[in-house]
Amino acid sequence: MSKSYKVSKKTMNMGPKKGKTVYSVRPYSYGTLTTKDIANQIAMESTATPADVMAVLDRYTYYVKENLKKGYDIELFGFGKLYLRFLTSKAVETEKEANAKLVKSILPAFRPSYYLLKNGSRVYNLIPDSIELVKYGEEKKDKTTGGETTGGETTGGGSNTEAGGTGSDNGDGLE
């Protein structure tokens, strides 16, 4: 399995590298798969029709929204947790001042499922067990199957055999 990346270039406008051109990498997406695309993929592997799968996914979306509205977090095992978070205007000095007026916006949030290794590091369930990073445009074509094979840097790893949680340290799933 591979994930393509593109090189990005920018000129620094502050810090010790001010005025210098620096390079980094960013993930490259080949596009977006829609719910209909995923429903068709699921239907290919099951006895359900694409319409059956779409109906279930539609109801899932409806109940996620309804239950978030009621104050519940929604966890899809092995995927992650959806919840609502507040974007607030400021912190106040007294408890009496802390009220709904501080909430500027309500945002949906997502915390991916993960499990912990013995050393305490997280392995996120949504990332494949091993993944090769390949520069976009430099993917190699597999002559026997017509598909792509890749060369690149392998990163990630681990197996999804240990139990895991969705984390709750700071609500953003990133550290």
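Provided above is the structure to which this section pertains.
A brief report on the enclosed structure follows. (Residues numbered from 1 in each chain as written. Predicted model: local features only at pLDDT ≥ 70, side-chain atom pairs only at ≥ 80, totals over all residues. Heavy atoms only, no water.)

## A look at the environment of valine 103
And step 1. With respect to the element layout, valine 103 can be found in strand β5 (residues 103-112).
And step 2. On a C-alpha basis, the gap between valine 103 and lysine 90 in space is 8.8 Å, while along the polypeptide they are 13 residues apart.
And step 3. For valine 103, the contacting residues outside a window of four places in its chain are Phe86, Leu87 and Thr88. (Helix = DSSP H or I, 4+ residues; strand = E, 2+ residues; numbered from the N terminus. Contact = heavy atoms within 4.5 Å.)

## Notes on the sheet that holds strand β3 (residues 74-76)
And step 1. Read from one edge of the open sheet, 3 strands run β3-β4-β5, paired in antiparallel fashion. Looking along the sheet, the strands with just one partner apiece sit at the ends: β3 and β5. Shown here is a sheet whose adjacent strand axes are inclined to one another by a mean of 30°, direction ignored.
And step 2. Two elements, strand β4 (residues 80-88) and β5, share 9 bridges in a ladder whose sense is antiparallel. Paired with phenylalanine 86 across the two strands is isoleucine 106, which belongs to β5.
And step 3. Sheet contacts for helix α2 (residues 50-69): β3 and β4; angle to β3, the most-contacted strand, approximately 145°. (Pairing = 2+ DSSP bridges. Axes fitted to C-alpha atoms, helices over the stretch in contact; angles between N-to-C directions.)

## A short note on the pairing of β4
And step 1. Bridge count for β3 against β4 is 3 bridges, and the pairing is antiparallel. Across the sheet, the residue bridging to leucine 76 is glycine 80, located in β4.

## Examining α2
And step 1. In this model, α2 (20 residues) spans 29 Å end to end at C-alpha, consistent with the 28 Å of a helix rising 1.5 Å per residue.
And step 2. Along α2, the residues classified as buried are Val53, Val64 and Leu68. Down the axis of α2, the smallest arc covering the buried residues is 35°, so these residues share one side. Exposed residues pointing more than 90 degrees away from the buried face of α2 are listed as Ala51, Lys65 and Lys69.
And step 3. Among the structural elements, α1 (35-44), β3 and β4 are those in contact with the buried residues of α2.
And step 4. A positive phi of about 105° marks glycine 71, the residue just after α2. (Expected span 1.5 Å × (residues − 1). Buried < 20%, exposed > 50% of the residue type's maximum accessible area, 1.4 Å probe, protein only. Arc of directions from axis to C-beta.)

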